[in-house]
Amino acid sequence: MENSLTCSSTPRWNSERPFLTGRFHQENKTTSRFAETKGYSIDSFSLGSEKAIGCYNAAVQELIVIDDLLSALVGIEGRYISIKRVRGKEDSFAFQVDTSMDLALQELAKRIFPLCESFMLINHFVESRSQFKNGLVNHAFAAALRALLLDYQAMVAQLEHQFRLGRLSLQGLWFFCQPMMGSMQALYTVIQKASANNFAGSAVLNLLQSQARAMAGDSAVRSLLEKMVQCASNAYLGILERWVYEGVIDDPYGEFFIAENKSLQKLTLQESLTQDYDAKYWRQRYSLKDGIPSFLANISGTILTTGKYLNVMRECGHHVQVPASENTKLMSFGTNHHYLECIKAAYDFASNELLNLIKEKYDLMGKLRSIKHYLLLDQGDFLVHFMDIARDELTKKLDEISVEKLQETSSLLKRLGTFKDLGNSRTVPHGNDIEEPVSVTGLETFSLSYKVRWPLSIVISRKALTKYQLIFRFLFRCKHVDRQLCGAWQIHQGVRSLKMRGTAIPRSSLLCRSMLKFINSLLHYLTFEVLEPNWHVMHNRLQTAKSIDEVIQHHDFFLDKCLRECLLLLPELLKKVEKLKSLCLQYAAATQWLISSSIDIPNVEESSDGSLVSEKTKQYKSRSTSQVLKLSSSNTNVTESILNFEREFNAELQSLGPILSNGSQTEPHLAHLAQWILGVGNDQ
C-alpha cells in the first residue's frame, strides 16, 4: 500500500507573472528586428498595418520572411507569420502566413514550421515538468532538454547574426535548420506521448528507451535519445543506489519501483507469534510495483531482496553498509552492463552479512535443533517424565483444564481442517466437515509452543511453527497410544505364568501384540523414514545456502514434505490411522477389566513409570487352575468383548492396506509403511 505523497507547490508568482515563462510569446506582439536593422519605421511594420506582404517585391518579402522565421524559431510571432493555439489542445500550435506572400517563400517557410512547433512544445514541456509534483525523473529530463534548447537557441542566434550581416538567404536558413529537424522531431514525439499519458518516473525512462531503439537507422538521433535516457535516469539511479547500498528508500515523489508499506511495523515477540502469521513484515513491508524500468526488469527481484536484507540488519541494530567505491557508483548504465555487476555485488554482500548474522549471532541451527528435540520428539526422555507428571491434568476434559495451559482447543483432525496454506488445500477436509470426538481431553489437544524472536521469525514464522505443532500433536498421540499398550502388555505378562487354557487372555495377549506392532511400525516410519532423513537433507542444504531466501525455501520445503509424509495431508488415510489409534486406546483402557473379570484379580494401577502392574501379581501364581477355569467359564462377556475388539481392529487394519497400496503409486513414501501395516495384518 503506497502512502500518499505531498509535494511542494509551484509559487503563485510563476503563473501570475507571464514574462517569467515562455507563454507570453504567444500573447504579446513585438516589433520586427528587420525593421530596426534596416531603418524602416516602426509604424510601417507594426501589427495591423494596412500593407500586406504582397505589396513588396520578392527580395524584400524574403528578408521579411527570414526575420519572421527567426522569431518563430524561438516561439515569437512575426509580422506576417502568426502562431495560434489549436482549440482544445494545450500542446498543439498552428502557424499561418499572409496569403499574399510569394508562393515559393510560403513553401519554404512551411518546411521550417515543424521545427518551430517542436521548439515550442519542448519549451512548454520543460516549463511544466520542472514543477515539483512531476518527480525527479521529469526534473532531470527537463534539465537535459533545457540544455539542448540552449544549444538550439545559440544556433538561432548565430543565424540571426548572419542575417544581420546580410549573408543569410531563405534557402540558407532551410539548409542550416535541417540537421536539427530530426532530433527535434524525435523529441517532439517523445514529449507528445509523455504529456498525453502524464508519464513520470520509470514510464519516462521506458518511453525514451523504446524511442531510441526505434531510431536505430539514425545514429545521430539515437545517440541524442540515449543521452537523454542517461540524463533522466541519473536521479532514478540515485534512488536505486541508496536502496541497494543502504536499504533506504529515498523516493519523495513515489517514482521508485519498490513500495514501502509503512503501516507494517516490526512486532514485539508476543505479537509476532499471534499476529504475524505469514511473517508479513518480511514479505509485505517492501514489494515491487508496476512500471519497472526495462533495463532493470530482469534483476528487479534481486534489487528488492538486497534492500530487504539491509533493512532486516538495521532492525536488528546491526548497522551495515555495502562498501562503496568509484567502481560501484550507479550513476549511469550502458551496454557494458556494469550497473548489473554492481547490483549483483551489493546483493552478495547483503546476503552474506544477513546469513552470517542469523546463523552466528542468533544461532539459527541451534534453534532448529532445539525445535527438533522438543516438537519432533528427538529426545523422548523428557516426554516420558512429562507424561508422568502431567497425567492427571492431561486426562481431564477441556472445560476442566486451565485455559492458560492450553495451546489448542480442538482435536488434530479438526485443527487440520481449519489450518490454511497446508500444501494443496483440496486434499485437506474443511473443518466443518469433521466431527469432533464426544469427549475431548487434554491428551487430544495438547501441544507445545516455542518462543521465536526477531529476526529468526523470518525463517521460523508462526505458520512454520504451526506446522511443527501439527507434527508434534500427531507424534505425541502415537507415543501416548504406545505407552498405554505397553502398560496393557505388562498386565498380560504379569499373569503369563498362570494356566490360561480355556480363557480369552491368550487371545487378548495376541491382539495386544498386534496393536503394539502396528503403533511401533507407525512410529518407526514417522521417526526413521520421514523426520530423520528429511531433517538431514534440510540440515545439509542450510549449510550450503547462499541467502536467507534459500534458507526459508529449504525450511518450508522440509516442513511441507514432513507434513505430507506424516499422513497429515492425506485425510482419508489419516482418519483410518486415527480410528485405529482410538481402538488401541479403548482396548488398553479395557484391559484391566478384561483380565480381572477372567481370573478375579485385584485392581491394577499404573505405576510411577507409566507401566500397568498388579499389586498382588505373586498371588496370581498361587491360584489353582480350577479357580481360573471356574471364573472364565462364568463370564462369557469377556471373550465376546475381546473378539469384538479383534474383529474391529482387523477390519480397520485390512481396509487401511489397500489405501496405502494405492496411495504409494503417487506417494512413494507410503510403500514402506504399507509393508509394515500389511505385515501386522498377516500376523493375525
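Residues numbered from 1 in each chain as written. Predicted model: local features only at pLDDT ≥ 70, side-chain atom pairs only at ≥ 80, totals over all residues. Heavy atoms only, no water.

If you look the protein chain up in an unreviewed UniProt entry, it shows as Gamma-tubulin complex component from Ziziphus jujuba. The UniProt entry for the protein chain carries the following text under Sequence similarities (unreviewed entry): "Belongs to the TUBGCP family." We quote the UniProt Function (unreviewed entry) comment for the protein chain here in full: "Component of the gamma-tubulin ring complex (gTuRC) which mediates microtubule nucleation." (UniProt positions renumbered as here; feature names shortened; annotations may be inferred.)

Digging into the overall build of the protein chain
Regarding its fold elements, the protein chain presents 26 helices and 6 strands. The 684 residues of the protein chain split such that 50% are buried. Long-range contacts, defined as pairs at least 24 residues apart, comprise 75% of the intrachain contacts of the protein chain with a sequence gap of at least 6. Looking at the protein chain as shown, the accessible area adds up to about 33200 Å², and 50% of this sits on carbon and sulfur atoms. (Helix = DSSP H or I, 4+ residues; strand = E, 2+ residues; numbered from the N terminus. Buried < 20%, exposed > 50% of the residue type's maximum accessible area, 1.4 Å probe, protein only. Contact = heavy atoms within 4.5 Å. Areas by Shrake-Rupley, 256 points an atom, 1.4 Å probe, with all protein chains shown as cover.)

Quick word on the pattern of salt bridges
Summed over the entire model, instances satisfying the criterion amount to 15 salt bridges. Taking the shortest distance from any N to any O, the salt bridge between E226 and R222 comes out at 3.1 Å. On the criterion of helical spacing, the pair formed by E226 and R222 is a turn pair, its members being 4 residues apart in helix 9 (residues 219-246). A residue is classified by how much of its surface remains accessible, and E226, at 40% relative accessible area, is partly exposed. (Salt bridge = Lys/Arg side-chain N within 4 Å of Asp/Glu carboxyl O.)

Looking at helix 7 (residues 170-197)
Given 3.6 residues per helical turn, the α-helix brings residues three or four places apart onto the same face. The terminal C-alpha atoms of helix 7, which comprises 28 residues, lie 38 Å apart, in line with the 40 Å expected from a rise of 1.5 Å per residue. Approximately 45° is the largest bend angle found in helix 7, and it occurs at Q178, with the proline P179 only one to four residues beyond. Looking one or two residues past helix 7, N198 carries a phi angle of roughly 50°, positive in sign. (Expected span 1.5 Å × (residues − 1). Bend = angle between axes of the 7 residues up to and from the residue.)

Here we look at unusual backbone geometry
Backbone torsion omega between W454 and P455 reads 10°, so that peptide bond is classified as cis. Unusually for a residue other than glycine, N198 sits at a positive phi of about 50°. Mapped onto the fold, N198 is located in the loop between helix 7 and helix 8 (202-214). On the basis of relative accessible area, N198 is assigned to the exposed category, the value being 53%. In this model, D363 sits at a positive phi of 50°, which is unusual for a non-glycine residue. Following the sequence through the fold, D363 ends up in the loop between helix 13 (338-361) and helix 14 (364-375).

Describing the packing of aromatic side chains
As enumerated under the stated definition, the model contains 13 aromatic pairs in all. Aromatic pair F125 and F141: ring centres 5.6 Å apart, planes at 65°, arrangement edge-to-face. Of the two residues, F125 is situated in helix 5 (residues 103-129) and F141 in helix 6 (residues 135-164); the sequence distance between them amounts to 16 residues. Judged by its relative accessible area of 0%, F141 falls in the buried class. (Phe/Tyr/Trp six-rings, centres within 6.5 Å; stacked < 30°, edge-to-face > 60°.)

Observations concerning the pairing of strand 2 (residues 93-97)
Burial along strand 2 is one-sided: the residues F93, F95 and V97 are buried and none of A94 and Q96 is. Where strand 1 (residues 81-85) and strand 2 come together, 5 bridges link them in antiparallel fashion. Directly across from I81, in strand 2, lies its bridge partner V97. (Pairing = 2+ DSSP bridges.)

Section: the environment of I548
Its location among the elements puts I548 in helix 21 (residues 548-565). Note: C-alpha distance between I548 and V459 (89 residues apart in sequence) is 8.0 Å. Residues within four places of I548 in sequence aside, it is in contact with W282, Y309, S351, L354, L355, I358 and V459.

Some remarks on the environment of L583
Tracing the backbone shows L583 in helix 22 (residues 571-599). Between the alpha carbons of L583 and M515 there is a distance of 9.1 Å; along the sequence they are 68 residues apart. Beyond its immediate stretch of four places on either side in the chain, L583 contacts M515, F645, E648, F649 and E652.

Here we look at the confidence of the model for the protein chain
Per-residue pLDDT for the protein chain averages 78, and the proportion of residues at 70 or more is 71%. Mean pLDDT per element in the protein chain: helix 3 (residues 42-45) is the minimum at 35, and helix 6 is the maximum at 94. With pLDDT under 50 throughout, residues 423-428 is counted as low confidence; its partners more than four residues away or in other chains account for 7 contacts. (pLDDT = per-residue confidence, 0-100.)

Considerations on helix 19 (residues 462-494)
For helix 19, spanning 33 residues, the distance from its first C-alpha to its last is 47 Å, which sits close to the expected 48 Å at 1.5 Å a residue. With respect to burial, helix 19 is a largely interior element, 26 of its 33 residues being buried.

Re the packing of helix 19 against helix 20 (residues 505-544)
Closest axis-to-axis distance for the helix 19/helix 20 pair is 9 Å, and the angle between their directions is 150°. When the interaxial angle is binned, helix 19 and helix 20 end up roughly antiparallel. Helix 19 and helix 20 meet at a crossing whose hand is left-handed. Per-class residue counts for the contact of helix 19 with helix 20 are 18 nonpolar, 4 polar and 3 charged. (Axes fitted to C-alpha atoms, helices over the stretch in contact; angles between N-to-C directions. Parallel < 35°, antiparallel > 145°, perpendicular 65-115°, else oblique. Left-handed = near helix turned anticlockwise from the far one by under 90°. Nonpolar A, V, L, I, M, F, W, Y, C, P; charged D, E, K, R; others polar.)

With respect to the packing of helix 6 against helix 7
Packing of helix 6 against helix 7 leaves a shortest axis separation of 12 Å and a crossing angle of 165°. On the basis of their axis angle, the class for helix 6 and helix 7 is roughly antiparallel. Of the two possible hands of crossing, helix 6 and helix 7 adopt the one that is left-handed. Within the contact between the two elements, helix 6 uses F141, L145, L148, L149, Y152, M155 and L159 and helix 7 uses L173, F176, C177, M180, M184, L187, V190 and I191. Among the residues forming the contact of helix 6 with helix 7, the class breakdown is 15 nonpolar, no polar and no charged.

Quick notes on the side chain of T305
Considering the arrangement of structural elements, one finds T305 in helix 12 (residues 300-315). At 2.9 Å, the side chain of T305 forms a polar contact with the backbone oxygen of G301. The contact partners of T305, leaving out residues within four places of it in the chain, are Y347 and D549. (Polar contact = N/O pair within 3.5 Å; in protein donor to acceptor, adjacent residues only side chain to side chain.)

Topic: the nonpolar core
Across soluble globular proteins, nonpolar side chains show a tendency to be buried alongside one another. Membership of the largest hydrophobic core comes to 94 residues, with the highest contact counts inside it found for L368, L485, F518, I548 and L568. Looking at which element gives the most residues to this core, the answer is helix 20, with 15 residues. (Core = buried A, V, L, I, M, F, W, Y, C linked by side-chain atoms within 4.5 Å.)

Focus: the environment of A157
Locating A157 in the fold gives a position in helix 6. You can call A157 partly exposed: its relative accessible area is 43%. Distance in space between the C-alpha atoms of A157 and V74 is 9.9 Å, their sequence separation being 83 residues.

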